[in-house]
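# Secondary and tertiary structure notes
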Amino acid sequence: MKFLEYTPLDSFSLFLSHLNLGESTIKGSLEAYSCKHTVCDKKLSLSLEHEILGYLGQSSDGDSPRKTLIYLVLTLSHMYPDHHFSAVQAHLFFNEEVWDTFRHIFETYLFEAAKEWALDNSGDSLFDSMSKAIDEVVRLDECEIYSYSPGFDGDPFLEKGAIWSFHFFFYNRKLKRVISFRCCCLSNLAEEGFLAGGASDDGDEDDAIFSNMDM
């Protein structure tokens, strides 16, 4: 996997990198990767392939889903190099989604962020602008969309005080490109010591949103 430099995506990552909304802060990133294997990728890919075959069986009907899962896990491994991802566990956490589901989650959770974007960008729509940028990289009409929902305890992206999070992947099989879009919302009150405990209850509620078809 290779990180792809693409300026339009960088502008959204910069905007969402630390967006303070008063009582909460949104942290997010939008990154593109090429699925071309490096030397390290080839070794990890082989290991993942053996792990998946042992779990899903040897049926040739599963070749395409297996390759997709490997690319998604390799992307996660590049994003979090200090974290070990099991292909079997990842299989349980990835769900195939449709565009309308992504749009609903985006507009629900990033409603306040979208207002801030519009103020800074002459009224432009955050969703429309980001969709256009993603389309230029991976051609949305040719993409498979996946959500990654490992739960609050298994997500290396989450920090103390997390209220909600989501992580989507846009994968174009023909172009062999993947875009990762992740966001989480942190309570500023928790960071200041006003809230006790974790966010597991909110995590249970969020999990219901991502309970679509298993990959």
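Owing to the predicted nature of the structure, the values given are computational and were not obtained by experimental measurement. (Residues numbered from 1 in each chain as written. Predicted model: local features only at pLDDT ≥ 70, side-chain atom pairs only at ≥ 80, totals over all residues. Heavy atoms only, no water.)

## A look at helix 7 (residues 126-138)
Its 13 residues give helix 7 an end-to-end C-alpha distance of 18 Å, which sits within 8% of 18 Å, the value for a rise of 1.5 Å per residue. Listing the buried residues of helix 7 in full gives Leu 126, Phe 127, Met 130, Ser 131, Ala 133, Ile 134, Val 137 and Val 138. Along the axis of helix 7, the buried positions cluster into a sector of 165°, meaning they face one direction only. Directly after helix 7, the chain includes Arg 139, whose backbone phi takes a positive value near 55°. (Helix = DSSP H or I, 4+ residues; strand = E, 2+ residues; numbered from the N terminus. Expected span 1.5 Å × (residues − 1). Buried < 20%, exposed > 50% of the residue type's maximum accessible area, 1.4 Å probe, protein only. Arc of directions from axis to C-beta.)

## Concerning the pattern of salt bridges
As a working rule, side chains carrying opposite charge can pair if their charged atoms are close by. Considering all chains together, one arrives at 5 salt bridges under this definition. Among the ionic pairs, Arg 182 bridges to Glu 31, the shortest N-O distance being 3.6 Å. Placement of Arg 182 in strand 7 (residues 177-187) and of Glu 31 in strand 3 (residues 24-34) is noted, with a sequence separation of 151 residues between them. For Arg 182, a relative accessible area of 10% corresponds to the buried category. A salt bridge links Glu 144 to Arg 173; the shortest N-O distance between them is 2.4 Å. On the criterion of sequence distance, the pair formed by Glu 144 in strand 5 (residues 144-148) and Arg 173 in the loop between strand 6 (162-172) and strand 7 is long-range, its members being 29 residues apart. (Salt bridge = Lys/Arg side-chain N within 4 Å of Asp/Glu carboxyl O.)

## What to know about the packing of helix 1 (residues 7-16) against helix 7
Running from amino to carboxyl end, helix 1 crosses helix 7 at an angle of 140°, the nearest separation of the two axes being 9 Å. On the basis of their axis angle, the class for helix 1 and helix 7 is oblique. Helix 7 is crossed by helix 1, and the crossing has left-handed handedness. On the side of helix 1, the interface is formed by Pro 8, Leu 9, Phe 12, Phe 15 and Leu 16, while helix 7 contributes Leu 126, Ser 129, Met 130, Ala 133, Ile 134 and Val 137. Here the residues of the contact of helix 1 with helix 7 sort into 10 nonpolar, 1 polar and no charged. (Axes fitted to C-alpha atoms, helices over the stretch in contact; angles between N-to-C directions. Parallel < 35°, antiparallel > 145°, perpendicular 65-115°, else oblique. Left-handed = near helix turned anticlockwise from the far one by under 90°. Contact = heavy atoms within 4.5 Å. Nonpolar A, V, L, I, M, F, W, Y, C, P; charged D, E, K, R; others polar.)

## Describing unusual backbone geometry
The phi angle of most residues is negative, glycine excepted, and most peptide bonds adopt the trans form. Non-glycine residue Ser 122 carries a positive phi angle of around 55°. Along the chain, the position of Ser 122 falls in the loop between helix 6 (111-120) and helix 7. Using a relative accessible area of 74% as the deciding quantity, one classes Ser 122 as exposed. Unusually for a residue other than glycine, Lys 176 sits at a positive phi of about 55°. Its place among the elements puts Lys 176 in the loop between strand 6 and strand 7.

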